[in-house]
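# What the coordinates show
Spelled out, the chains give:
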Amino acid sequence: MALEKKIRVVVVDDSALIRNLLTSIINEAPDLEVVATASDPLIARERIRALDPDVITLDVEMPRMDGLEFLRRLMRLRPTPVLMISSLTQQGSEATLTALELGAIDFLSKPAHDIARRMGDYADEIRDKIRAAAAARVRAPHRFHRPADPPPPPVPPLGAGAQQAMLFIGASTGGTEAIRALLSGLPADCPPILVVQHMPEYFTAGFAARLNSYCPMRVKEAEDGEPIKPGVAYIAPGNWHMRVQGVLGNFRIALTQDEKVNRHRPSVDPLFDSAAACLGKRAIGVILTGMGRDGADGMRKMRDAGAVTFGQNEASCVVYGMPREAMKAGGVQQEWPLDALASKIMACLYGKAEKAMS
């Protein structure tokens, strides 16, 4: 019986410790193999050309050539699934968000202290991300930018009926770009939007700020206890679960640091669970690209409570994991390509407005 082909990885990092740790973690899995390491991008370029790996791990801060510049050239000349290695700092988060815009599939956070033990603590996550990257669709890069002209107002306005609705979005791998694409297609007077994207601390504030510079509505990192308002998209902060609480006309954000759910905090399931409990049929749920099954059970609860639920289809996902699992759990009513989701949500909202007026 022939053995399955291993996923071949090139590790690029100027730290010998990180190279050795990643090599050891990756090689412990029977389906993964580090075929080369490199201490800088120029060495990496030759080894990638010779070995044609399935996945590359790439440090942001590198000698002789900046990691982002190397990624930019790689995606233009030899598109390959890349996992960025970033530090858990504000500077590291900004560089990582830029890397995701340039086409990196995902990122791994490098701890600042006790590196050997702490990287070992999430060895399974590292290996899972490499597997997901190997199966991911490498997409053309897109840079965030502020539009030259403000988007035109929606015609007709959504009206009070639709404003009683609330939109809930969950995403993981590939989600930063998918969320940008979805929000940029919705109007400034949209109902409140609550978003969980799997990200650590220090990353979500910068992500929200970038979205705010691009999208028609206001986008901000959520704060505990703040009122939920139309025309605002709230991003769950890293390391905090986000829920909606309250009653119609007085909904607020609730942030907690309960135990991780599906190995994540923030997790999509607590948000979707709260949507089912508090909003029922006034909720709209959307599950986007990502690995794993976070959000699947919560979306099923939303659908059972009368919510309209959408999933991103396989062809447009970077990783078709979370939408597939939500579909299997019976939570997704309709699947659509990413570029069609905004119009489908708008049609749903106009339908809610018409029902409220009838």
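Everything that follows concerns the structure shown earlier in this document.
Residues numbered from 1 in each chain as written. Predicted model: local features only at pLDDT ≥ 70, side-chain atom pairs only at ≥ 80, totals over all residues. Heavy atoms only, no water.

## Notes on the sheet that holds strand S5 (residues 106-110)
Operational definition: A pair of strands is labelled paired if DSSP reports no fewer than 2 bridges between them. Counting from the N terminus, the helices are DSSP H or I runs at least four residues long and the strands are E runs at least two residues long. Each axis is a line fitted through C-alpha atoms, and for a helix only the stretch in contact is used; angles between axes span 0 to 180 degrees, taken between their N-to-C directions.
Strand order in the open sheet formed by five strands is S2-S1-S3-S4-S5, and the pairing between neighbours is parallel. Of all strands in the sheet, those bounded by a partner on one side alone are strand S2 (32-38) and S5. Across the sheet, the axes of successive neighbouring strands diverge by a mean angle of 25 degrees, strand direction being ignored. Alignment of strand S1 (residues 7-12) against strand S3 (residues 55-59), held across four bridges, turns out to be parallel. Among the inter-strand pairings, Val10 is bridged to a residue of S3, identified as Ile56.

## Digging into the packing of aromatic side chains
Here is the rule we go by: Ring pairs shown here join Phe, Tyr and Trp side chains whose ring centres sit within 6.5 Å, with only the six-membered ring taken for Trp; geometry is labelled stacked below 30 degrees between planes, edge-to-face above 60, and tilted in between. A simple rule labels every residue: compare its accessible area, found with a 1.4 Å probe on the protein chains alone, to the largest value its type can have, and call it buried under 20%, exposed over 50%, or partly exposed in between. Charge over a ring is defined by NZ of Lys or CZ of Arg lying within 6 Å of the ring centre and within 35 degrees of the ring normal.
Scanning the entire structure with this criterion turns up one aromatic pair. The interplanar angle of 5 degrees and the centroid separation of 4.9 Å between the aromatic rings of Phe107 and Phe203 together place this pair among those described as stacked. One end of the pair, Phe107, is in strand S5; the other, Phe203, is in the loop between strand S7 (193-197) and helix H9 (204-214), with 96 residues separating them in the sequence. Phe203 gets classed as buried once you look at its relative accessible area, which sits at 0%. Looking at Lys129, its charged tip hangs above the ring of Phe107, at a distance of 5.3 Å from the centre. Over the ring of Trp336 we find Lys344, and its NZ or CZ is 3.8 Å from the ring centre.

## With respect to the pairing of S1
How we decide: The path from the first strand over the helix to the second decides the hand: if it runs clockwise while the strands point away from the viewer, the crossover is right-handed.
Buried residues dominate S1, accounting for six of its six residues. Burial of S1 is two-sided: the residues Ile7, Val9 and Val11 facing one way and the residues Arg8, Val10 and Val12 facing the other way are all buried. With six bridges connecting them, S1 and S2 associate as parallel partners. Residue pairing across strands places Val10 opposite Ala36, the latter belonging to S2. On the question of chirality, the crossover connecting S1 to the parallel S2 by way of helix H1 (residues 16-27) is right-handed.

## Here we look at the sheet that holds strand S6 (residues 166-171)
The line we're drawing: The criterion used for residue contact is that any of the two residues' heavy atoms lie within 4.5 Å.
Pairing in this open sheet of seven strands is parallel, and the strands run S8-S9-S7-S6-S12-S13-S14 from one edge to the other. Here the strands that pair on one side only, and so sit at the sheet edges, are strand S8 (218-221) and strand S14 (334-336). On average, each strand axis in the sheet is tilted by 20 degrees relative to the strand beside it, whichever way the strands run. Sheet analysis places S6 next to S7, joined by five bridges and oriented parallel. Bridge assignment links Ile169 to a residue of S7, and that residue is Val195. Each of S6, S7 and strand S12 (283-287) touches helix H10 (residues 268-278); the most contacted strand, S6, lies at about 160 degrees to it. Contacts from helix H11 (residues 296-304) reach S6, S12 and strand S13 (308-312) within the one sheet, and its direction differs from that of S12 by about 150 degrees.

## Here we look at the nonpolar core
Threshold: What we call a nonpolar core is a set of buried Ala, Val, Leu, Ile, Met, Phe, Trp, Tyr and Cys residues that are connected through their side-chain atoms within 4.5 Å.
If you look at the biggest cluster of nonpolar residues, it comprises 60 residues, and the most contacted ones within it are Ile169, Leu183, Ile193 and Leu288. A per-element tally of this core places helix H13 (residues 338-357) first, with seven residues. With residues near it in sequence (within four places) discarded, Ile169 still touches Ile179, Leu182, Leu183, Ile193, Leu194, Val195, Val196, Leu271, Phe272, Val286 and Leu288. Counting 29 residues, the second-largest nonpolar core is a separate cluster that includes Leu279, Ala283, Met302 and Met322.

## Some details on the environment of Ala136
In this structure, Ala136 sits in the loop between helix H6 (123-135) and helix H7 (159-163). Judged by its relative accessible area of 12%, Ala136 is buried. Each C-alpha atom, one on Ala136 and one on Thr80, is 9.8 Å from the other, the two residues being 56 residues apart in sequence.

## A few points about the packing of H10 against H11
Worth spelling out the cut-off: Comment on the angle field: the value is read as roughly parallel under 35 degrees, roughly antiparallel over 145, roughly perpendicular from 65 to 115, and oblique elsewhere. The residue classification treats Ala, Val, Leu, Ile, Met, Phe, Trp, Tyr, Cys and Pro as nonpolar and Asp, Glu, Lys and Arg as charged. All others, Gly included, are polar.
At a minimum axis separation of 8 Å, H10 and H11 run at an interaxial angle of 10 degrees. On the basis of their axis angle, the class for H10 and H11 is roughly parallel. The residues of H11 that touch H10, namely those facing Asp269, Phe272, Asp273, Ala275 and Ala276, are Ala296, Asp297, Gly298, Met299, Lys301 and Met302. For the contact of H10 with H11, a count of residues per class yields six nonpolar, one polar and four charged.

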